[in-house]
Amino acid sequence: MSLKIWNYKSHFFLSFFKRPHYAYTVYQAAIQALLLGHKKVSVIEFGVAGGNGLLCLEKYAKILSKKLKIEIKVYGFDTGQGLPKLVDYRDIPQTWQPGFFKMDYEKLRSRLTLAEVILGNVEESLKSFYKMHNPPPIGGILFDLDLYSSTKAAFQIFQTDSKYLLPRVRCYFDDILGNEISLTNEYCGEHLAIVQYNQLSPLKKITPVHHLLAKTFREKWYSKCFVHHAFDHPQYCQFMGNPQQEIPLVA
Ligand SMILES: C[S@@+](CC[C@H](N)C(=O)[O-])C[C@H]1O[C@@H](n2cnc3c(N)ncnc32)[C@H](O)[C@@H]1O
């Protein structure tokens, strides 16, 4: 791997990037796609609002496309109208209210150069996403929909033909840790959506990235990084490591 790519990696581990978690997610998506023989990959942001996150995602996708020679498609999903109606306590109403984070769509569109914004409630827009966009396999998803109900609806993205997904989709859950007001836990918010998803799907699981959590110097965002494993994906068991694994014999 070239020195330039090493620089990119050290950048996000040292948190020089404005959003190192976005840089990490798109980087891991691109590397996995290449190791599995793909020439294109998709990355998604669920919950766009003003577009600051999507603009970052676009920027990192462009840098990596060039360095790694892979095409990276970027999609953003949002109602355009801010947060929808909350269902009940599971949507953490002590923190969120309907209508928060309205988007100025025209302003955002004039700044975007790569990403496609898909407007509408994800519950509806995901029904036709694959048919309308025929995206390259999805390798990374930034979840920032705030609500349990919206995150659960967004998990429809995983109910598709395996050609649309990499076997391991890198995920980031922005609101999984919460704060002193939300006090999020496994019974509400994004965390509950993950727990329920894992109960439903025997061969599809969303798990933390344990090796990041074991690092001596940890960044807060490491705890928000997860992976969607599709254990039944035809490429899940394809070897991606270093074939030179022999331990040299020391006399
Ligand atoms: C916190 S904001 C996103 C901020 C953005 N990711 C950033 O980093 O700048 C959450 C967004 O999720 C969107 N959202 C929440 N539930 C949704 C749903 N069911 N369908 C589509 N968009 C939804 C809201 O419209 C809102 O703009």
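Everything below is about the structure shown above.
What you are looking at is a predicted structure, and each value in this text was computed from that prediction instead of being measured.

(A) Spatial organisation of the layout of surface pockets. Here the largest pocket defines a volume of roughly 400 Å³. Forming the walls of the largest pocket are 27 residues, and the residues nearest its centre are G47, A49, F101, D144 and D146. Secondary structure elements with two or more residues in the lining of the largest pocket: α3 (52-68) and β2 (71-78). When the residues that make up the lining of the largest pocket are grouped by side-chain class, the tally is 10 nonpolar, 10 polar and seven charged. Lining the second largest pocket are 15 residues; nearest its centre among them are W96, D175, G178, N179 and S182. Looking at the lining of the second largest pocket residue by residue, the classes come out as three nonpolar, six polar and six charged.

(B) Local environment of unusual backbone geometry. With a phi angle near 55°, I92 is a residue other than glycine that sits in the positive phi range. Of the residues examined, I92 reaches a relative accessible area of 2% and is grouped as buried. Unusually for a residue other than glycine, D146 sits at a positive phi of about 70°. Among the structural elements, D146 can be located in the loop between β4 (138-143) and α6 (148-154). Overall, the relative accessible area of 5% leaves D146 in the buried class.

(C) Region of interest: the environment of K67. Counting through the fold element by element, K67 comes out in helix α3. Using a relative accessible area of 34% as the deciding quantity, one classes K67 as partly exposed. Distance in space between the C-alpha atoms of K67 and E180 is 41 Å, their sequence separation being 113 residues.

(D) Inspection of the pattern of salt bridges at higher detail. All chains considered together, the criterion is met by five salt bridges. Between E106 and R109 there is a salt bridge, and its shortest N-O distance comes to 3.9 Å. With E106 and R109 both in helix α4 (residues 105-111) and three residues apart, the pair spans about one turn of that helix. When its relative accessible area of 49% is taken as the criterion, R109 is described as partly exposed. Close ionic contact of E124 with K127 constitutes a salt bridge, the shortest N to O distance being 2.8 Å. Remark: K127 and E124 occur in helix α5 (residues 122-133); sequence separation between them is three residues, near one turn of the helix.

(E) Focus on the packing of helix α2 (residues 20-35) against α3. Relative orientation of the contacting elements α2 and α3 amounts to 35°, with a least axis distance of 9 Å. Considering the relative orientation of α2 and α3, their crossing is right-handed. Residues Y22, A23, V26, Y27, A30, I31 and L34 of α2 form the contact with α3, whose participating residues are G53, L57, Y60, A61, L64 and L68. Class assignment for the residues of the contact of α2 with α3 results in 12 nonpolar, one polar and no charged.

(F) Spatial organisation of a positive patch on the surface. A grouping of K18, K59, K107 and R111 is seen on the molecular surface, where their side chains present a positively charged patch. Mapped onto the elements, K18 comes out in the loop between α1 (3-13) and α2.

(G) The site of the ligand, seen in detail. Residues in contact with the ligand amount to 21 residues; listed here are only the nearest, R19, G47, D78, D144 and S150. The contact in question runs from a nitrogen atom of the ligand to an N or O atom on the backbone of T79, over 3.0 Å. Residue G82 places a main-chain N or O atom 3.1 Å away from an oxygen atom belonging to the ligand. For the ligand, whose free accessible area comes to 600 Å², the fraction covered by protein is 94%.

(H) The side chain of S150, seen in detail. Along the chain, S150 turns up in helix α6. Judged by its relative accessible area of 10%, S150 falls in the buried class.

(I) Just helix α7 (residues 189-200), in detail. Counted at 1.5 Å a residue, the expected span for α7 with its 12 residues is 16 Å, and the 17 Å between its end C-alpha atoms agrees. Among the residues making up α7, those that are buried are G189, E190, L192, A193, I194, Y197 and N198. Elements in contact with the buried residues of α7: β4, α6, β5 (165-173), β6 (204-208) and β7 (225-230).

Thresholds applied
Residues numbered from 1 in each chain as written. Predicted model: local features only at pLDDT ≥ 70, side-chain atom pairs only at ≥ 80, totals over all residues. Heavy atoms only, no water. 1 Å grid on protein atoms, 1.4 Å probe; cavity = no way out; pocket = protein on both sides within 12 Å on 5 of 7 lines; lining within 4 Å. Points joined across faces, edges and corners; volume = space filled by probe spheres on them. Helix = DSSP H or I, 4+ residues; strand = E, 2+ residues; numbered from the N terminus. Nonpolar A, V, L, I, M, F, W, Y, C, P; charged D, E, K, R; others polar. Buried < 20%, exposed > 50% of the residue type's maximum accessible area, 1.4 Å probe, protein only. Salt bridge = Lys/Arg side-chain N within 4 Å of Asp/Glu carboxyl O. Axes fitted to C-alpha atoms, helices over the stretch in contact; angles between N-to-C directions. Left-handed = near helix turned anticlockwise from the far one by under 90°. Contact = heavy atoms within 4.5 Å. Patch = residues over 30% accessible without salt bridge, like charges linked within 9 Å, V, L, I, M, F, W, Y side chains within 5 Å. Areas by Shrake-Rupley, 256 points an atom, 1.4 Å probe, with all protein chains shown as cover. Lys, Arg positive; Asp, Glu negative; His and termini not counted. Charge placed at Lys NZ, Arg CZ, Asp CG, Glu CD. Near = heavy atom within 4 Å. Polar contact = N/O pair within 3.5 Å; in protein donor to acceptor, adjacent residues only side chain to side chain. Expected span 1.5 Å × (residues − 1).

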